[in-house]
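# Coordinates in review
Now for the letters of each chain:
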Amino acid sequence: MAAADTPSATLRHHDLCSRGIRLARKMRSDVTDLLDIYVERQGLDASISVAAVDGVPAAAAERWAEQTGTQRLLDNLAAYRAFRTLLAQMLEEQREQLGDADAELGPALAAVLLQVSAFAYHLEELLELESRGAPAEEGSEPPALPRLSLFEQKLRGLGVLRELAQWAVRSVRDLRQLAKHGPGSGMALGLPESQ
């Protein structure tokens, strides 16, 4: 019996998926709250349309139903690693703009950044259990994002937070599918269930 097929591995896999689902739901809730704070503090209109932002991975996936569990985990991990970099830059820009004057937005951004980092680590654990180690992060230093005007920074931040909220929803769906099929499932996981 392969290590990924043992009862303890199956139980650990199910536990990691369940905890991941709870983490993603909490993150989604916190990002939604953060979006409200962000829009208010940045003086933006909540209905403003933001084009796709460079460096922000899109949660929508073509042929989602055809992806294997490992592919879904790898996509999620790549996305949350990118969000970690983008949120860290947003937090730095926020501190440059307002210093410690804003007692609500800065801590809320920092809390979501911490959740994103924890979730990325959680995904790495799942990949280890899938007998496929997490890929190394490309380069120790993230590439520098282009310097934007203040308004462009605000719009990019809004786009990052909106897409992060969508990724949290996708992650819940991916982890539900993964939990159904057990560790080491290399097959396509089927159609998404309704949330």
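As the structure is a computational prediction, the values presented were derived from the model and not from experiment.

## Points about the confidence of the model for the protein chain
Scored by pLDDT, the protein chain has a mean of 83; 82% of the residues are at 70 or more. This stretch, residues 187–195, has a pLDDT under 50; its non-local contacts, to residues over four places away or in other chains, come to 33 contacts.

## Overview of the pattern of salt bridges
One pass over the structure, following the stated rule, counts 10 salt bridges. In this structure, the salt-bridge partner of Arg170 is Asp75, at a minimum N-O distance of 3.3 Å. Of this pair, Arg170 sits in helix 4 (residues 150–181) while Asp75 sits in helix 2 (residues 69–98), and the two are 95 residues apart along the sequence. Arg170 is the salt-bridge partner of Asp174, the closest N and O atoms lying 3.1 Å from each other.

## A few points about helix 2
In a regular helix each residue adds 1.5 Å, so 30 residues correspond to 44 Å; helix 2 covers 42 Å between its end C-alpha atoms and thus fits that length. Gly99 occupies a position one or two residues after helix 2 and carries a positive phi of about 60°.

## A closer look at the nonpolar core
By size, the foremost hydrophobic cluster in this structure holds 47 residues, and its most contacted members are Tyr80, Phe83, Leu87, Val116 and Leu164. Elements that contribute at least two residues to this core include exactly helix 1 (7–42), helix 2, helix 3 (105–129) and helix 4. In contact with Tyr80, not counting residues within four places along its chain, are Met27, Val116, Phe119, Ala120, Leu123, Leu164, Trp167, Ala168 and Ser171.

## Description of the side chain of Gln153
Looking at where Gln153 falls in the secondary structure, it is placed in helix 4. Gln153 gets classed as buried once you look at its relative accessible area, which sits at 8%. Not counting the four nearest positions on each side in its chain, Gln153 is found in contact with Tyr38, Glu93, Gln97, Arg147 and Leu148.

## Some words on the packing of helix 3 against helix 4
Between helix 3 and helix 4, the shortest axis-to-axis distance is 13 Å and the interhelical angle comes to 25°. As the angle between them shows, helix 3 and helix 4 are arranged roughly parallel. In this structure, helix 3 meets helix 4 at a crossing whose hand is left-handed. In this structure, helix 3 uses Val112, Val116, Phe119 and Leu126 to contact helix 4, whose residues at the interface are Leu164, Ser171 and Leu175. Tallied by class, the residues present in the contact of helix 3 with helix 4 amount to six nonpolar, one polar and no charged.

The rules behind the values
Residues numbered from 1 in each chain as written. Predicted model: local features only at pLDDT ≥ 70, side-chain atom pairs only at ≥ 80, totals over all residues. Heavy atoms only, no water. pLDDT = per-residue confidence, 0-100. Contact = heavy atoms within 4.5 Å. Salt bridge = Lys/Arg side-chain N within 4 Å of Asp/Glu carboxyl O. Helix = DSSP H or I, 4+ residues; strand = E, 2+ residues; numbered from the N terminus. Expected span 1.5 Å × (residues − 1). Core = buried A, V, L, I, M, F, W, Y, C linked by side-chain atoms within 4.5 Å. Buried < 20%, exposed > 50% of the residue type's maximum accessible area, 1.4 Å probe, protein only. Axes fitted to C-alpha atoms, helices over the stretch in contact; angles between N-to-C directions. Parallel < 35°, antiparallel > 145°, perpendicular 65-115°, else oblique. Left-handed = near helix turned anticlockwise from the far one by under 90°. Nonpolar A, V, L, I, M, F, W, Y, C, P; charged D, E, K, R; others polar.

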